[in-house]
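Descriptive analysis of the structure
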Amino acid sequence: MSFQQNGEWLKNRLQTMGPAEIISRLADVGRHLALRASLKGIQQRPARKHTGLNWSHLVLGIKHQLERVSTRDRDPVIARADRWLDHHATFFSLNDIPLGDPIDWQRDYSSEMVGPIRYSGLINARDKDRVGDIKYIWELNRLQHLILLALAGTWTGNANYWEEIEKQVISWDKSNPFMMGLNWKSPLEAGMRLIAWA
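Note that the coordinates shown come from a computational prediction; the quantities given were computed from them, not determined experimentally.

On to the packing of helix α7 (residues 145-156) against helix α8 (residues 159-175). Two elements in contact, α7 and α8, have axes whose closest approach is 8 Å; the angle formed by their N-to-C orientations is 155 degrees. Comparing their axes, α8 and α7 come out roughly antiparallel. The crossing of α7 and α8 is left-handed. For the pair α7 and α8, contact is made by His145, Leu146, Leu149, Ala150, Ala152, Gly153, Thr154 and Thr156 and by Tyr161, Trp162, Glu164, Ile165, Gln168 and Val169, respectively. Of the residues assigned to the contact of α7 with α8, the class counts are eight nonpolar, five polar and one charged.

Among the surface-exposed residues, Trp9, Leu10 and Leu14 lie close enough to one another that they form a single nonpolar patch of about 300 Å² accessible area. Take leucine 14: it is sitting in helix α1 (residues 3-16). The partly exposed category is assigned to leucine 14, whose relative accessible area is 40%.

So, on to the nonpolar core. Counting residues in each nonpolar core, the largest one holds 27 residues, and the members touching the most others are Trp84, Leu99, Tyr109, Leu140 and Leu149. For this core, the elements supplying multiple residues, two or more each, are α4 (71-85), β1 (88-91), β2 (94-98), α6 (134-141), α7 and α8. Considering every element that reaches this core, the biggest residue donor is α7, with seven residues. Aside from chain neighbours lying at most four places away, what touches leucine 149 is Ala81, Trp84, Leu85, Tyr161, Glu164, Ile165 and Gln168.

Calculation notes
- Residues numbered from 1 in each chain as written.
- Predicted model: local features only at pLDDT ≥ 70, side-chain atom pairs only at ≥ 80, totals over all residues.
- Heavy atoms only, no water.
- Axes fitted to C-alpha atoms, helices over the stretch in contact; angles between N-to-C directions.
- Helix = DSSP H or I, 4+ residues; strand = E, 2+ residues; numbered from the N terminus.
- Parallel < 35°, antiparallel > 145°, perpendicular 65-115°, else oblique.
- Left-handed = near helix turned anticlockwise from the far one by under 90°.
- Contact = heavy atoms within 4.5 Å.
- Nonpolar A, V, L, I, M, F, W, Y, C, P; charged D, E, K, R; others polar.
- Patch = residues over 30% accessible without salt bridge, like charges linked within 9 Å, V, L, I, M, F, W, Y side chains within 5 Å.
- Areas by Shrake-Rupley, 256 points an atom, 1.4 Å probe, with all protein chains shown as cover.
- Salt bridge = Lys/Arg side-chain N within 4 Å of Asp/Glu carboxyl O.
- Buried < 20%, exposed > 50% of the residue type's maximum accessible area, 1.4 Å probe, protein only.
- Core = buried A, V, L, I, M, F, W, Y, C linked by side-chain atoms within 4.5 Å.

Printed below as a string of structure tokens:
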């Protein structure tokens, strides 16, 4: 979109907004400016050292329920987790696509476009020419597949699943500095990741 087109769009958009929405939008801009100004200080805090995590305690509360799941129901979950061990994913129109090692968390694997690593508030996630199809990036970054790996690790006793979870969480953390890149653009997406991590 050209500068002139952007200006026309903004003019039309402002004409359809009421005073309350304009005030709300300006407050959003103010919050983004304040966060952007403090971002360096936040990112320069001492990083936590990633050490071997003890995952066994995480499933103790529900282990007895997981043990009641039949082998017939476990097998497809374990098969899907095995594909994730090999960094192959299936979602939307993608079927068993190789993600590489390490996984590129900014990549739209449907178009091979890679989103920029810059302040998330400055990225237009709807611009497919610059970022690809955001739904593919966000689907991968919801990290819901970690649940499959955890279930497979619990049912099989194979530590490789737990090690892969740890590897992917560390990789995701290193590839997605706070508020930088597409994966911080949407609070809803951040919430979906927290649910998967919990």
